[in-house]
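Residue strings, one per chain:
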Amino acid sequence: MALIGMHDVCWGFGDPHLLNGISFQIEKGERVGLLGRNGVGKSSLFRLLNGEMKPDAGEIRRQQGVRVALLEQEVPQQCDGTVFEVVAQGLGDVGQALAEYHRLCTALETSDDTALIVQRETLQHRLDSEGGWGLQKVVESTLSRTGLDREQRFADLSAGMKRRTLFARALALSPDLLLLDEPTNHLDIETIVWMEDFLLRNAVTLFFITHDRAFLSRIATRIMELDRGKLVAYNCDYPTYLQRRQADLESEAQQQRNFDKKLSQEEAWIRQGVKARRTRNEGRVRALQKLRAAARERRARIGQVRMQVQESERSGKIVIHAEGLTYRYGTLPIVEDFSTTFLRGDKVGIIGPNGVGKTTLIQLLLKTIVPDTGSVRHGTHLQVAYFDQLRAQLDEQKTVVQNISADNDFIVFNGEKRHVISHLQDFLFSPERCRTPVHVLSGGERNRLLLAKLFTQPANLLVLDEPTNDLDAETLELLEEVLLDFDGTLLLVSHDRAFLNNVVTSTLVFEGQGKVIEYAGGYDDWLLQRPQAVDAPSVDVPTKKSAAPRPASAKPKRRTFAQERELKELPPLIESLESEQRELQAAMTDPAFYKQSKEEIVKSQKRMEEIEALIAAAYRRWEELDAIEQ
């Protein structure tokens with residue numbers, strides 16, 4: 001029996017419904033990717049499955065006792081406290097009590113307030129009677145598996161680590177079905193690859209929304225597409241889906257041409273008058289009426305974004321030359337002794353974990369901040385258009401139109417006068433939406449608006465800092481085409497591996513301690529060229545099973561005797577480590593654990609982190625050795 005499904009579900013305002021007659025089911029162990037343009041109702045479908053909303057018609061069928069957990073696209077505003085507390089808060093009333101108990105224990109480390117002691121003892125009695133210590137064990141285990149620091153303040157985390165914490169909160173529910181809404185948004189490549197490995201290793205049932213094509217290719221076992229209120233299922237992986245979908249679109253286009261031709265012929269016939277009204281032709285008249293009704297009900301596909309870069313004077317051959325750039329934050333090196341030269345037409349990607357200094361490097365190269373040592377020289381006739389990942393260039397209180405052209409209804413684009421609404425319609429903004437304040441727009445709409453604003457500026461150097469967040473796959477593909485056709489120079493920061501592979505000609509990679517190394521090609525090319533030492537790159541990469549395929553001409557290696565022996569020793573090593581991990585987790589769930597000295601608590605927590613790292617390394621080595629032929 002299926003874990004969950006929908007039967008003829010309708011939901012949404014107006015006619016037709018946003019979701020119109022949706023039927024599907026998800027079996028245990030499936031990993032289903034849900035695709036569709038921005039605004040077609042994917043997140044609404046998830047909220048229906050999660051029980052947050054009720055359908056207008058139809059039914060949602062759940063297996064009895066099935067547990068569903070949802071990782072939402074946006075970080076909730078009400079989250080507060082440490083990582084431990086945020087994860088515990090997602091486990092119902094007892095979880096909330098456990099989070100409060102943890103907060104009081106932390107507060108009493110530096111205070112002997114009698115009122116706080118009484119509150120803690122009251123909560124301890126409640127947790128004793130309601131199974132709270134079992135939940136603590138679940139939270140500790142989840143934090144260990146996801147590599148999170150239990151004592152870190154949630155508010156102090158990066159956007160990516162906040163998403164990782166919320167992912168842990170969903171996992172702590174031990175769901176039968178995990179719903180993930182854009183799980184890779186705001187994550188760096190290291191964390192995305194970690195999440196992929198985690199999901200594949202733990203083999204949970206997934207239903208997820210994403211526009212990350214590399215994530216889809218690696219994770220999805222089945223694809224569903226939401227289009228014009230209808231759901232179409234493809235029982236295949238993502239690469240196969242692309243082929244089948246293209247064939248379906250061509251078939252649909254041919255059917256619509258045949259339909260339009262038939263309707264045109266019948267409309268010409270009915271205009272003949274008396275002949276059409278003869279009794280023997282009444283059936284034909286009724287058939288025409290059905291054709292007309294079908295034509296009225298036919299919903300057109302959502303329009304295609306039309307992008308074009310504003311033409312500019314050619315820059316000089318040398319665009320940017322940097323020599324010996326060093327920039328430090330206090331004693332921390334952000335960029336250390338970095339030199340490079342960008343020539344006209346170069347398309348350069350920047351790769352590195354969140355917070356490592358990618359935006360700082362851009363600002364150094366654009367001369368908006370001054371390096372501690374070194375110099376930057378710009379070439380002649382340079383005109384820069386900068387896409388800011390924080391969207392600070394958008395005024396939240398102004399309308400969409402006002403953000404493009406404050407006091408004028410027209411813009412000049414490639415030497416021609418053009419109405420601003422016409423320009424915005426190329427980016428899928430209706431005339432009504434053009435008059436909407438920016439603060440009510442979705443993430444995808446804001447990105448499209450920033451691109452629309454960016455491309456009104458004449459530029460021969462495009463600097464794009466995370467332009468792909470919240471954009472659907474079709475818009476991403478079009479943006480790729482625009483950038484490939486762009487005659488100027490491109491500097492691109494992105495965690496979208498497919499986007500990097502398809503666009504850039506070289507990559508700058510942060511490899512620890514301010515070290516920035518330049519490689520030819522995109523992300524997959526870097527995987528092949530990067531240093532193989534364990535501690536060399538600061539950006540994690542997939543295991544061999546997920547890396548770029550080996551050339552067909554390469555001869556497969558065979559395991560040596562030493563590797564065979566190492567492979568046999570790994571399972572008992574992992575079992576021993578996991579046994580020690582379970583013992584530590586059990587100790588940490590005992591209330592007496594936190595009555596020890598702070599040094600002992602920290603020592604145990606550090607050992608737990610070491611064990612987790614050793615287990616992960618052992619599994620990676622196992623996969624590497626297992627991939628080598630016997």
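Conventions used here
Residues numbered from 1 in each chain as written. Predicted model: local features only at pLDDT ≥ 70, side-chain atom pairs only at ≥ 80, totals over all residues. Heavy atoms only, no water. Helix = DSSP H or I, 4+ residues; strand = E, 2+ residues; numbered from the N terminus. Buried < 20%, exposed > 50% of the residue type's maximum accessible area, 1.4 Å probe, protein only. Contact = heavy atoms within 4.5 Å. Areas by Shrake-Rupley, 256 points an atom, 1.4 Å probe, with all protein chains shown as cover. Pairing = 2+ DSSP bridges. Axes fitted to C-alpha atoms, helices over the stretch in contact; angles between N-to-C directions. Core = buried A, V, L, I, M, F, W, Y, C linked by side-chain atoms within 4.5 Å. Salt bridge = Lys/Arg side-chain N within 4 Å of Asp/Glu carboxyl O. pLDDT = per-residue confidence, 0-100. Polar contact = N/O pair within 3.5 Å; in protein donor to acceptor, adjacent residues only side chain to side chain. Phe/Tyr/Trp six-rings, centres within 6.5 Å; stacked < 30°, edge-to-face > 60°. Lys NZ or Arg CZ within 6 Å of the ring centre and 35° of its normal. Patch = residues over 30% accessible without salt bridge, like charges linked within 9 Å, V, L, I, M, F, W, Y side chains within 5 Å. Lys, Arg positive; Asp, Glu negative; His and termini not counted. Charge placed at Lys NZ, Arg CZ, Asp CG, Glu CD.

A.B. asks: Explain the overall build of the protein chain here, please?
C.D. replies: Secondary structure summary: the protein chain contains 20 helices and 20 strands in total. Across the 630 residues of the protein chain, 47% fall into the buried class. The long-range share in the protein chain, meaning contacts at least 24 apart out of those at least 6 apart in sequence, stands at 68%. Total accessible area computed for the protein chain in this model is approximately 31,300 Å², and 48% of it derives from carbon and sulfur atoms.

A.B. asks: Would you mind going over the sheet that holds strand 12 (residues 347-351) with me for this structure?
C.D. replies: Strand pairing in a sheet is mediated by backbone hydrogen bonds. Such pairs are either parallel or antiparallel. With respect to topology, six strands assemble into an open sheet ordered 14-17-18-12-19-20, the strand pairing being mixed. Since the sheet does not close on itself, it has two edges, and those belong to strand 14 (384-387) and strand 20 (516-520), each with one partner. The sheet shows a mean angle of 15° between the axes of neighbouring strands, direction not considered. As paired strands, strand 17 (residues 461-465) and strand 18 (residues 489-493) are joined by five bridges and run parallel to one another. When the bridges of strand 18 are listed, Val463 appears paired with Leu491.

A.B. asks: Explain the nonpolar core to me, please; I cannot follow it from the model alone.
C.D. replies: Nonpolar side chains tend to gather and get buried jointly when the protein is soluble and globular. Counting residues in each nonpolar core, the largest one holds 50 residues, and the members touching the most others are Val139, Phe167, Leu178, Leu180, Leu199, Phe208 and Ile223. In terms of residue count, helix 3 (residues 92-107) provides more of this core than any other element does, seven residues in total. Other than its neighbours up to four places away in sequence, Phe167 contacts Leu71, Leu178, Leu180, Trp194, Met195, Phe198 and Leu199. Of all hydrophobic cores here, the second largest spans 45 residues; its members include Val309, Leu394, Leu476 and Phe486.

A.B. asks: Sorry, what's going on with the sheet that holds strand 10 (residues 318-329) here?
C.D. replies: Judged by pairing direction, the sheet is antiparallel, and its three strands sit side by side in the order 11-10-13 without closing on themselves. Pairing within the sheet leaves two strands with one partner each, and these edge strands are strand 11 (332-343) and strand 13 (373-378). Averaged over all pairs of adjacent strands, the angle between strand axes in this sheet comes to 15°, irrespective of strand direction. Judged from the five bridges that link them, strand 10 and strand 13 form a sheet pairing that is antiparallel. Across the sheet, Ala322 pairs through a bridge with Val376, a residue of strand 13.

A.B. asks: Even after reading the chapter, I still don't get the pattern of salt bridges, so can you show me in this structure?
C.D. replies: Think of it this way: side chains of opposite charge can pair up when their charged atoms draw near. Under the criterion given, the structure shown has 20 salt bridges. A salt bridge links Glu100 to Arg103; its shortest N-O distance comes to 2.6 Å. In this pair, Glu100 and Arg103 are both assigned in helix 3, three residues apart and thus about one turn of the helix distant. A residue is classified by how much of its surface remains accessible, and Glu100, at 27% relative accessible area, is partly exposed. Of the residues examined, Arg103 reaches a relative accessible area of 37% and is grouped as partly exposed. For Arg150, the salt bridge identified is with Glu151, shortest N-O distance 3.0 Å. Arg150 gets classed as buried once you look at its relative accessible area, which sits at 6%.

A.B. asks: What's the story with the pairing of strand 19 (residues 506-510) in this structure? I'm lost.
C.D. replies: As a general feature of sheets, a regular strand has side chains that alternate between the two faces. In terms of residue burial, strand 19 counts as a mostly covered element, since five of its five residues are buried. Here strand 19 shows no split at all, with Ser506, Leu508 and Phe510 on one side and Thr507 and Val509 on the other all buried. With four bridges joining them, strand 12 and strand 19 adopt parallel strand pairing. Among the inter-strand pairings, Val348 is bridged to a residue of strand 19, identified as Ser506.

A.B. asks: Any chance you could explain the confidence of the model for the protein chain here in plain terms?
C.D. replies: Atom-level detail of predicted coordinates should not be read off regions where pLDDT is low. On average, residues of the protein chain carry a pLDDT of 82, and 87% of them reach 70 or more. Looking over the protein chain, one finds the lowest element-wise mean pLDDT in helix 10 (residues 274-277), namely 55, and the highest in strand 3 (residues 31-35), namely 95. Below a pLDDT of 50 lies the segment residues 533-556, which in the model reaches 45 contacts outside its immediate sequence neighbourhood of four places, other chains included.

A.B. asks: Would you explain unusual backbone geometry in this entry?
C.D. replies: Negative phi characterises most residues that are not glycine, and trans characterises most peptide bonds. In this structure, Ser174 is a non-glycine residue whose phi angle is positive, near 50°. Relative to the helices and strands, Ser174 is located in the loop between helix 6 (159-172) and strand 6 (177-181). A relative accessible area of 40% means that Ser174 is categorised as partly exposed. Here Glu466, not a glycine, exhibits a phi torsion of approximately 55°, which is positive. Positionally, Glu466 belongs in the loop between strand 17 and helix 16 (473-485).

A.B. asks: Teacher, can you tell me more about the environment of Cys10 here?
C.D. replies: Counting through the fold element by element, Cys10 comes out in strand 1 (residues 4-11). Spatially, the C-alpha atoms of Cys10 and Glu59 are 8.9 Å apart, while their sequence positions differ by 49 residues. Those residues in contact with Cys10 that lie beyond four places of it in its chain are His17, Leu19, Asn20, Gly21, Pro55, Asp56 and Ala57.

A.B. asks: Would you take a moment to explain the side chain of His495 for this structure?
C.D. replies: With respect to the element layout, His495 can be found in the loop between strand 18 and helix 17 (497-503). Of note is the side chain of His495, whose polar atom sits 3.1 Å from the side chain of Glu466. Apart from the residues lying within four places of it in its own chain, the contact partners of His495 are Leu187, Asp188, Ile189, Ile192, Gly352, Asn354, Lys358 and Glu466.

A.B. asks: Would you explain the environment of Gly160 in this entry?
C.D. replies: With respect to the element layout, Gly160 can be found in helix 6. On a C-alpha basis, the gap between Gly160 and Asn354 in space is 7.3 Å, while along the polypeptide they are 194 residues apart. Each residue touching Gly160, except ones within four places of it in the same chain, is listed here: His186, Leu187 and Asn354.

A.B. asks: Would you mind showing me how to read the packing of aromatic side chains here?
C.D. replies: Under the criterion given, the structure shown has 10 aromatic pairs. Ring centres of Phe167 and Trp194 lie 6.0 Å apart, and the angle between their planes is 85°; on these two criteria the pair is classed as edge-to-face. With Phe167 in helix 6 and Trp194 in helix 7 (residues 189-202), the pair connects residues that are 27 residues apart, well separated along the chain. Centre to centre, the rings of Phe167 and Phe198 are 5.8 Å apart; their planes meet at 75°, and the pair counts as edge-to-face. In this pair, Phe167 is assigned in helix 6 and Phe198 in helix 7, connecting sequence segments 31 residues apart. Ring pairing ties together the aromatic residues Phe24, Phe46 and Phe207, which thus form one cluster. Cation over ring: Lys417 sits above Phe410, and NZ or CZ is 4.6 Å from the ring centre. Between Arg448 and the ring centre of Phe429, over which it is positioned, the NZ or CZ distance is 5.3 Å.

A.B. asks: It is not clear to me how a negative patch on the surface should be interpreted in this structure. Could you clarify?
C.D. replies: A surface patch of negative charge is lined by Glu477, Glu481, Asp485 and Asp487. Here Glu477 is to be found in helix 16.

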